[in-house]
Amino acid sequence: MSDELNPAVPDSATAEGPETEAEETVKQRKNGLYPGVSDELAENMKSGWADTELRDLEPIPQAAETARRRAALSARFPGERLVIPAGNLKTRSNDTEYPFRASVEYAYLTGNQTEDGVLVLEPRGDGHEATLYLLPRSDRENGEFWLSGQGELWVGRRHSLTESEALYGIPAADVRELADKLREATGPVRVVRGHDAGIEAALTDKVTAERDEELRVFLSEARLVKDEFEIGELQKAVDSTVRGFEDVVKVLDKAEATSERYIEGTFFLRARVEGNDVGYGSICAAGPHACTLHWVRNDGPVRSGDLLLLDAGVETHTLYTADVTRTLPVGGTYSEIQKKIYDAVYEAQEAGIAAVKPGAKYRDFHDAAQRVLAERLVEWGLVEGPVERVLELGLQRRWTLHGTGHMLGMDVHDCAAARTETYVDGTLEPGMVLTVEPGLYFQADDLTVPEEYRGIGVRIEDDILVTEDGNRNLSAALPRRSDEVESWMASLKG
């Protein structure tokens, strides 16, 4: 990584507002090799560059959908200024940053994903006028395009404001002017908090936590029912995820020679080639690690005879993620006890998926799956029945641990800020997408179960779309039944 210059970022907004012309454009790294920039070099860098403005750009595919979403937001909060930031870069260490991911609320309403962006809806008459505040292209007159740490020659070209207007169908303006405008604004304002400290500081005396939370809740609930574009993106994410699982099965011998990291890296390659990233930290849990629900260290051994619980999802370029889990026999064949536990989880998932349909209570699929698991635990003598008593007291939770699913979309746990009455206590509608993922986990140190159970963890998870007449399993291309899993793995290993 080049380290000749590490100036500040004069073309980005800060908590104190934009830098002024009087401020130094270049702030040297303490141990940089160049002491400064000569007047001759500075002048030379201003000229001799071709016009690279992009013309005749087509709107992004979801432009019509984002416009409808903004219209719904406008109708919910008439007469109020609404401020939705994308967020800022976050420092990873010293002078390096994490890859940027725009806030879900911002990306959902605009389709844009660049750092420092802010969508503002100004009340106008019976509705709102939207403006997309963005950083313009790096300035070539003051040298920021090659001297700023976020300049074009360091991190790549940004779209011009004119280009952005064409792409997103929203008038664009310079975000460096926004903080001052917001400080001077009058009338009711709401902001989505937690993404841009500078924007929040500019509004500190104009907003309340309660009103801002109402905005966040509305935008979360707006995503409960997916439109056709979103469903298509989720299917793309799932399809890439299926191919990622196939990639992993093909290299299990290499994982055995190394560690769970080989599995993580293999799936990540598929995610980066076909999508934006993984939608969450991949869980590549072999052996007893499968009993740790969110095992993301992925540094353990992979051994033939053990199970591999792989919970992973590709995120598309539009930030929709899959979330799929399969529990695979590393050696290609389940042992008798592994198959017994796996088949119980499969049966529970079948019951859960069957309960997903329009008009059903959201909780129905969870209750259906938990009942099957409780029945098996009683049948195996691991907990004293009857089943109704087990369920009433939640005794099965020692081995099932988690809920049986969640909403899915731009967040892996999508719509998390929605009101309980519209989510967990709500009713399923066509267009909702959720996971169904029962599991059984027998911890390696659990002395209440026979030794043969200990260290076995099984979860099966699929992404289910609620349809007009029932449901569709978006991840049905991945085998689930134990015998089908074994046959599938054998075919991939050749």
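Our subject is the structure that appears above.
Once a new chain begins, its residue numbering starts again from 1 and follows that chain's sequence as written. Given that this is a predicted model, residues contribute local features only at a pLDDT of at least 70 and side-chain atom pairs are listed and counted only at 80 or more, while totals for whole chains, interfaces and linings are drawn from all residues. The side-chain values count all of the structure's non-hydrogen atoms but skip hydrogen atoms and water molecules.

J.: What am I meant to see in the overall build of the chain here?
T.: Comment: elements are numbered from the N terminus, with helices defined as DSSP H or I runs of at least four residues and strands as E runs of at least two. Of regular secondary structure, the chain possesses 17 helices and 17 strands. In terms of its C-alpha atoms, the chain occupies a principal-axis envelope of roughly 80 × 55 × 40 Å. Across the 494 residues of the chain, 51% fall into the buried class. For every accessible area listed, the method is Shrake-Rupley and the probe measures 1.4 Å; residues are considered covered only by the protein chains on display. Here the chain displays about 22,400 Å² of accessible surface, and carbon together with sulfur accounts for 49% of that area. Only protein chains enter the area calculation, which uses a 1.4 Å probe; residues under 20% of their type maximum are buried, those over 50% are exposed, and those in between are partly exposed.

J.: Could you clarify how one ought to interpret the pairing of strand β15 (residues 456-459) in this entry?
T.: In the case of a regular strand, side chains alternate between the two sheet surfaces. Burial along β15 is two-sided: the residues I456 and V458 and G457 and R459 are all buried. Whether two strands pair comes down to DSSP finding at least two bridges between them. Pairing between strand β14 (residues 439-442) and β15: 4 bridges, direction antiparallel. Of the residues in β15, the one forming a bridge with L440 is V458.

J.: Explanation requested: the packing of aromatic side chains in the structure shown.
T.: Each aromatic ring pair is specified by the distance between its two centres and by the angle formed by the two planes. Only centres within 6.5 Å qualify two rings of Phe, Tyr or Trp (six-membered ring in Trp) as a pair; their planes then separate them into stacked at under 30 degrees, edge-to-face at over 60, and tilted for everything else. Counting across every chain of the model gives 8 aromatic pairs. When the centroid spacing of 5.8 Å and the interplanar angle of 85 degrees are considered together, the rings of F77 and F218 count as edge-to-face. Of this pair, F77 sits in the loop between α2 (63-76) and β1 (81-85) while F218 sits in helix α9 (residues 209-221), and the two are 141 residues apart along the sequence. Ring centres of F442 and Y453 lie 5.2 Å apart, and the angle between their planes is 65 degrees; on these two criteria the pair is classed as edge-to-face. In this pair, F442 is assigned in strand β14 and Y453 in the loop between β14 and β15, connecting sequence segments 11 residues apart.

J.: Explanation requested: the environment of N88 in the structure shown.
T.: Relative to the assigned elements, N88 resides in the loop between β1 and β2 (91-93). Here, residues are in contact when the closest pair of their heavy atoms is within 4.5 Å. Beyond its immediate stretch of four places on either side in the chain, N88 contacts F100, D116, H195, D196 and A197. Distance and chemistry together define a polar contact, namely a pair of N or O atoms within 3.5 Å, with one atom able to donate a hydrogen and the other to accept it when in protein, and with adjacent residues in sequence counting only for side-chain atoms on both sides. Looking at N88, its side chain comes within polar contact range of the side chain of D116, at 2.7 Å. Among the polar contacts listed, one links the side chain of N88 to the side chain of D196, at a separation of 3.1 Å.

J.: Which parts of the structure should I look at to understand unusual backbone geometry?
T.: Working note: non-glycine residues mostly have negative phi, and peptide bonds are mostly trans. With an omega of 5 degrees, the peptide bond between G385 and P386 qualifies as cis. Within the fold, P386 resides in the loop between α14 (364-379) and α15 (387-393). Here N94, not a glycine, exhibits a phi torsion of approximately 55 degrees, which is positive. Summarising the element assignment, N94 is placed in the loop between β2 and β3 (96-97).

J.: Please explain helix α6 (residues 161-168) as it appears in this structure.
T.: Within an α-helix, residues lying three or four positions from one another point in the same direction, as the helix has 3.6 residues per turn. Of all the positions in α6, only E163, S164, L167 and Y168 are classed as buried. Burial along α6 is one-sided: seen end-on, the buried residues are contained in an arc of 110 degrees. Summarising the contacts, the buried residues of α6 are in contact with α2, α3 (104-110), β5 (127-134) and β6 (172-174). Among the residues trailing α6, G169 stands out with phi positive, at a value near 70 degrees. Arc definition: it is the arc formed by the directions from the helix axis to the C-beta atoms.

J.: Explain the nonpolar core to me, please; I cannot follow it from the model alone.
T.: Generally speaking, soluble globular proteins have nonpolar side chains that are buried together. By nonpolar core we mean a set of buried residues, namely Ala, Val, Leu, Ile, Met, Phe, Trp, Tyr and Cys, connected to one another through side-chain atoms within 4.5 Å. Counting residues in hydrophobic clusters, the biggest one holds 90 residues, and the most contacted among them are L440 and F442. Considering each element in turn, this core owes the most residues, 9 residues, to helix α10 (residues 228-250). A domain assignment, automatic or from a database, supplies the domain bounds used here. Two domains each donate at least three residues to this core, and these are domain 1 (55-223) and domain 2 (228-493). Non-local contacts of F442, meaning those with residues more than four positions away in its chain, are made with C291, I341, L377, W380, L382, W399, V449, Y453, R454, G455 and I456.

J.: Just checking my understanding: could you explain the sheet that holds strand β10 (residues 307-312) for this structure?
T.: Strand order in the open sheet formed by 3 strands is β9-β10-β12, and the pairing between neighbours is antiparallel. Each end of this open sheet is capped by a strand with a single partner; those strands are β9 (283-286) and β12 (324-329). The sheet shows a mean angle of 10 degrees between the axes of neighbouring strands, taken without regard to direction. The pairing of β10 with β12 spans 6 bridges and is antiparallel. Looking across to β12, one finds that L309 is bridged to T327. Axes here mean lines fitted to C-alpha atoms, for a helix over just the part in contact, with angles spanning 0 to 180 degrees between N-to-C directions.

J.: Help me understand the side chain of R137 in this model?
T.: By the element assignment, R137 lies in the loop between β5 and α4 (144-147). Among all residues touching R137, those that are not within four sequence positions of it are T52, E53, E144, E152, R157, R158, H159 and S160.

J.: Explain the packing of α10 against helix α17 (residues 482-493) here, please?
T.: Helix packing geometry: the angle between the two helix axes and the distance between the axes. The N-to-C vectors of α10 and α17 enclose an angle of 70 degrees; their axes lie 9 Å apart at closest approach. As the angle between them shows, α10 and α17 are arranged roughly perpendicular. Classified by chirality, the crossing of α17 by α10 is right-handed. The segment α10 lies against α17, with F245, E246, V249 and K250 engaging W488, M489, L492 and K493. Note that Gly is not counted as nonpolar here; it falls among the polar residues with everything else outside the nonpolar set of Ala, Val, Leu, Ile, Met, Phe, Trp, Tyr, Cys and Pro and the charged set of Asp, Glu, Lys and Arg. Residue classes in the contact of α10 with α17 are distributed as 5 nonpolar, no polar and 3 charged. Should an angle lie under 35 degrees it is considered roughly parallel, over 145 roughly antiparallel, and from 65 to 115 roughly perpendicular; all remaining angles are considered oblique. What makes a crossing left-handed is the near helix being turned counterclockwise from the far one by less than a right angle; a clockwise turn instead makes it right-handed.

J.: What is the right way to read the state of the cysteines from this model?
T.: The bond known as a disulfide is covalent and runs between the sulfur atoms of two cysteines. Only a pair of cysteine sulfur atoms within 2.5 Å counts as a disulfide in this structure description. Counted under the stated rule, the structure contains 0 disulfides. Residue C284 stays outside any disulfide, its sulfur separated by 16 Å from that of C291, the closest cysteine.

J.: When you look at the packing of helix α13 (residues 336-354) against α14 in this model, what are you seeing that I'm missing?
T.: Where α13 contacts α14, the axes come no closer than 7 Å and their chain directions differ by 155 degrees. Accordingly, the angle class assigned to the pair α13 and α14 is roughly antiparallel. For the pair α13 and α14, the crossing hand works out as right-handed. Residues A344, V345, E347, A348, A351 and G352 of α13 pack against F365, A368, A369, V372, L373 and R376 of α14. Grouping the constituent residues of the contact of α13 with α14 by class yields 9 nonpolar, 1 polar and 2 charged.

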